[in-house]
Amino acid sequence: MSLLAGLSQQGDSIAAHNSDPAAHLNWQRRAITANLTLTAADSPQQNVSSDAARDINLPAESTAQWHFHIHNYGNFALTVKRAGGTTVATLSTGYGGGSVLVSYDGTLVFVS
């Protein structure tokens with residue numbers, strides 16, 4: 001196989017991968033009809049819409065580390081809460097209207 005043929009095949013697989021945002025960016029788009037509880041195994045990119053104002057509950061703060069970038073792209077406010085119920089952020093409505101970055105490193109929760 002020539003070098004150019006190899007580049008073409010590699011480019012084709014990259015193009016196929018990039019055409020699927022969920023695979024490329026590890027996004028999970030959710031339309032929820034009840035409160036949502038995330039786990040440490042969930043995708044770190046969460047795009048959420050809802051049928052009413054809802055809560056998004058973060059995973060328990062245990063030994064597992066996690067990181068989430070949560071976006072509200074719906075028409076209702078979303079309240080992000082720690083597992084114990086303390087509010088971390090309230091996300092405004094509309095695509096790009098509100099987002100929060102939340103990380104747990106095993107000892108502390110970081111919010112930005």
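Residues numbered from 1 in each chain as written. Predicted model: local features only at pLDDT ≥ 70, side-chain atom pairs only at ≥ 80, totals over all residues. Heavy atoms only, no water.

(A) Spotlight on the overall build of the protein chain. When helices and strands are counted, the protein chain shows 2 helices and 9 strands. Traced from its N-terminal end to its C-terminal end, the protein chain shows the element sequence α-α-β-β-β-β-β-β-β-β-β. Going through the 112 residues of the protein chain one by one, you find that 30% of them count as buried. When contacts within the protein chain are restricted to residue pairs at least 6 apart in sequence, long-range pairs at least 24 apart make up 38% of them. When the accessible surface of the protein chain is summed, it comes to about 6500 Å², and 54% of that surface belongs to carbon and sulfur atoms. (Helix = DSSP H or I, 4+ residues; strand = E, 2+ residues; numbered from the N terminus. Buried < 20%, exposed > 50% of the residue type's maximum accessible area, 1.4 Å probe, protein only. Contact = heavy atoms within 4.5 Å. Areas by Shrake-Rupley, 256 points an atom, 1.4 Å probe, with all protein chains shown as cover.)

(B) Molecular detail of the nonpolar core. With 16 residues, the main nonpolar core has Ile56, Leu58 and Ile70 as its most contacted residues. Of all the secondary structure elements, the ones that give two or more residues to this core are strand 5 (66–72), strand 6 (78–81), strand 7 (87–91) and strand 8 (98–104). Those residues within four positions of leucine 58 in sequence are excluded, and the remaining contacts are Leu38, Trp66, Phe68, Ile70, Val80, Lys81, Arg82, Ala83, Val88 and Val102. (Core = buried A, V, L, I, M, F, W, Y, C linked by side-chain atoms within 4.5 Å.)

(C) The confidence of the model for the protein chain, seen in detail. Confidence in the prediction of the protein chain, expressed as mean pLDDT, is 80, and 74% of residues score 70 or more. Per-residue pLDDT stays below 50 along residues 1–14; that stretch engages in 2 contacts with residues further than four places along the chain or on separate chains. (pLDDT = per-residue confidence, 0-100.)

(D) Just the sheet that holds strand 7, in detail. The 4 strands lie next to each other as 2-4-6-7, forming an open sheet whose pairing is mixed. The outermost strands of the open sheet, each flanked by one partner alone, are strand 2 (36–37) and strand 7. The pairing of strand 6 with strand 7 spans 4 bridges and is classified as antiparallel. Counterpart to threonine 79 in the pairing with strand 7 is threonine 90. (Pairing = 2+ DSSP bridges.)

(E) Region of interest: the side chain of serine 103. With respect to the helices and strands, the residue serine 103 is situated in strand 8. Residue class for serine 103 comes out buried when judged on its relative accessible area of 18%. Here the side chain of serine 103 touches histidine 67 through a polar contact of 2.6 Å, side chain to side chain. If near-sequence neighbours (up to four positions away) are discounted, serine 103 is found in contact with Trp66, His67, Leu108, Val109 and Phe110. (Polar contact = N/O pair within 3.5 Å; in protein donor to acceptor, adjacent residues only side chain to side chain.)

(F) Molecular detail of the sheet that holds strand 9 (residues 109–111). Spatial ordering of the open sheet is given by 1-3-5-8-9, a layout of 5 strands whose pairing is mixed. The sheet is open, and its two borders are formed by strand 1 (27–32) and strand 9, each paired with just one other strand. Geometrically, the sheet is characterised by an average inter-axis angle of 20 degrees between neighbouring strands, direction not taken into account. Across 3 bridges, strand 8 lies against strand 9 in antiparallel orientation. Each residue of the ladder has a partner; that of valine 102, found in strand 9, is valine 111. (Axes fitted to C-alpha atoms, helices over the stretch in contact; angles between N-to-C directions.)

(G) Here's a closer look at the pattern of salt bridges. The full count for this structure, using the stated rule, is 4 salt bridges. Of the charged contacts, one joins arginine 30 and aspartate 42 as a salt bridge, the two residues approaching to 3.2 Å between their closest N and O atoms. One end of the pair, arginine 30, is in strand 1; the other, aspartate 42, is in the loop between strand 2 and strand 3 (45–50), with 12 residues separating them in the sequence. We classify arginine 30 as buried; its relative accessible area is 16%. (Salt bridge = Lys/Arg side-chain N within 4 Å of Asp/Glu carboxyl O.)

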